[in-house]
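Read off the chains here:
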Amino acid sequence: MSLYDAHNHLQDRRLATTLDRIVSNRREEKISLMVVNGTCEEDWPRVLELSKQHDFILPSFGYHPWYLKQRTKDWRDGLNRHLDAAPHAVGEIGVDRWMKDYDMALQEEMFLAQMAIANERNLPVTIHCLKASGRLLELLQDGPVPPRGFLLHSYNGSAEMIPRFEQLGAYFSISGYFAHDRKAKHLEVFKQIPIERLLIETDAPDMTPPVQFKPHPLEDNLNHPANLSAIYEFAASAFELPVEELTHLVGRNFQRLFVP
């Protein structure tokens, strides 16, 4: 069976010293492809470099809302250069009212600018959203949205909003973080996601799952991308499906969104 990680940050410097082990474990766990998300101008070159070194990486480039104030006047040219070099996906972008001292006007401006770039290129988009699902829905309804669709990674909205996002082209990913007991209420929301719209992610090195779903521990409680297989098992249990069936369905969803 082939496994697909819909969202991680393999370029994160916290993983640099263990990268060889990560690559080896990736083979053992039969992880075929992973989407590695850039977050700002500083790490886009690292994402591109990793994608050239490893054919299992699908690079994605975007400005995360946490880093918007660090942008340069040439950010748009830089983003387009990286997408010209590796035209796979745009992300991680989004809107966030959870962060301290957020500037919503700036977030919306940057989000819409990057969605327009994705739409022009018909590239899938990975979207981060915290405490702003209603506003995100409004922004997506006003468009533009790339025909390929978009991923709401670690979906944080309500069950009632799932069909409305789906109508606009959304896929929804679940990580092992939602296997923690304290996330049981939100796990019930995930169970409302149509199986044909479900993806699995690690969000490594963050969103660490509980110990029973962490067969590959790292120091400092970092999340290893090879924990993906255990996260598939967790998701299969949550959706009451055999893991083989879930793996097949998720693989088909991943290919539809991320592989042209």
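As for the environment of glutamate 188
1) Next: By the secondary structure assignment, glutamate 188 is in helix H7 (residues 184–190).
2) Next: Considering only alpha carbons, one finds glutamate 188 and serine 158, 30 residues apart in sequence, at a separation of 10.0 Å.
3) Next: A distance of 3.1 Å separates polar atoms of two side chains, one belonging to glutamate 188 and the other to lysine 191.

Quick look at the sheet that holds strand E8 (residues 198–200)
1) Next: The parallel open sheet is built from eight strands, whose spatial order is E1-E2-E3-E4-E5-E6-E7-E8. Each edge of the sheet is formed by a strand with only one pairing partner; in this case those strands are strand E1 (3–8) and E8. The mean angle between the axes of side-by-side strands here comes to 25 degrees, regardless of whether they run parallel or antiparallel.
2) Next: The pairing of strand E3 (residues 57–61) with strand E4 (residues 89–96) spans two bridges and is classified as parallel. Each bridged residue has a counterpart across the sheet, and for phenylalanine 61 the counterpart in E4 is valine 90.
3) Next: Together, E4 and strand E5 (125–130) form the strand contacts of helix H4 (residues 104–121), whose direction differs from that of E4 by roughly 160 degrees.

Focus: the pairing of E1
Within a regular strand, the side chains alternate between the two sheet faces.
1) Next: With six of six residues buried, E1 is to be regarded as a mostly interior element.
2) Next: Across four bridges, E1 lies against strand E2 (residues 31–37) in parallel orientation. Of the residues in E2, the one forming a bridge with asparagine 8 is valine 36.
3) Next: Handedness of the E1-helix H1 (residues 19–28)-E2 crossover: right-handed.

Topic: the pattern of salt bridges
1) Next: Going through the model one piece at a time under the given rule, you end up with eight salt bridges.
2) Next: With a shortest N-O distance of 3.5 Å, lysine 73 and aspartate 74 are connected by a salt bridge.
3) Next: A salt bridge links glutamate 188 to lysine 191; the shortest N-O distance between them is 3.1 Å.
4) Next: Judged by relative accessible area, which is 34%, lysine 191 ranks as partly exposed.
5) Next: The network of salt bridges with shared partners includes Asp12, Arg14 and Asp206.

Observations regarding helix H2 (residues 44–53)
1) Next: Burial in H2 covers these residues: Trp44, Arg46, Val47, Leu48, Leu50 and Ser51.
2) Next: For H2, the elements touching its buried residues are H1, E2, E3 and helix H3 (75–85).

Scoring rules and cut-offs
Residues numbered from 1 in each chain as written. Predicted model: local features only at pLDDT ≥ 70, side-chain atom pairs only at ≥ 80, totals over all residues. Heavy atoms only, no water. Helix = DSSP H or I, 4+ residues; strand = E, 2+ residues; numbered from the N terminus. Polar contact = N/O pair within 3.5 Å; in protein donor to acceptor, adjacent residues only side chain to side chain. Pairing = 2+ DSSP bridges. Axes fitted to C-alpha atoms, helices over the stretch in contact; angles between N-to-C directions. Contact = heavy atoms within 4.5 Å. Buried < 20%, exposed > 50% of the residue type's maximum accessible area, 1.4 Å probe, protein only. Right-handed = clockwise from strand over helix to strand, strands pointing away. Salt bridge = Lys/Arg side-chain N within 4 Å of Asp/Glu carboxyl O.

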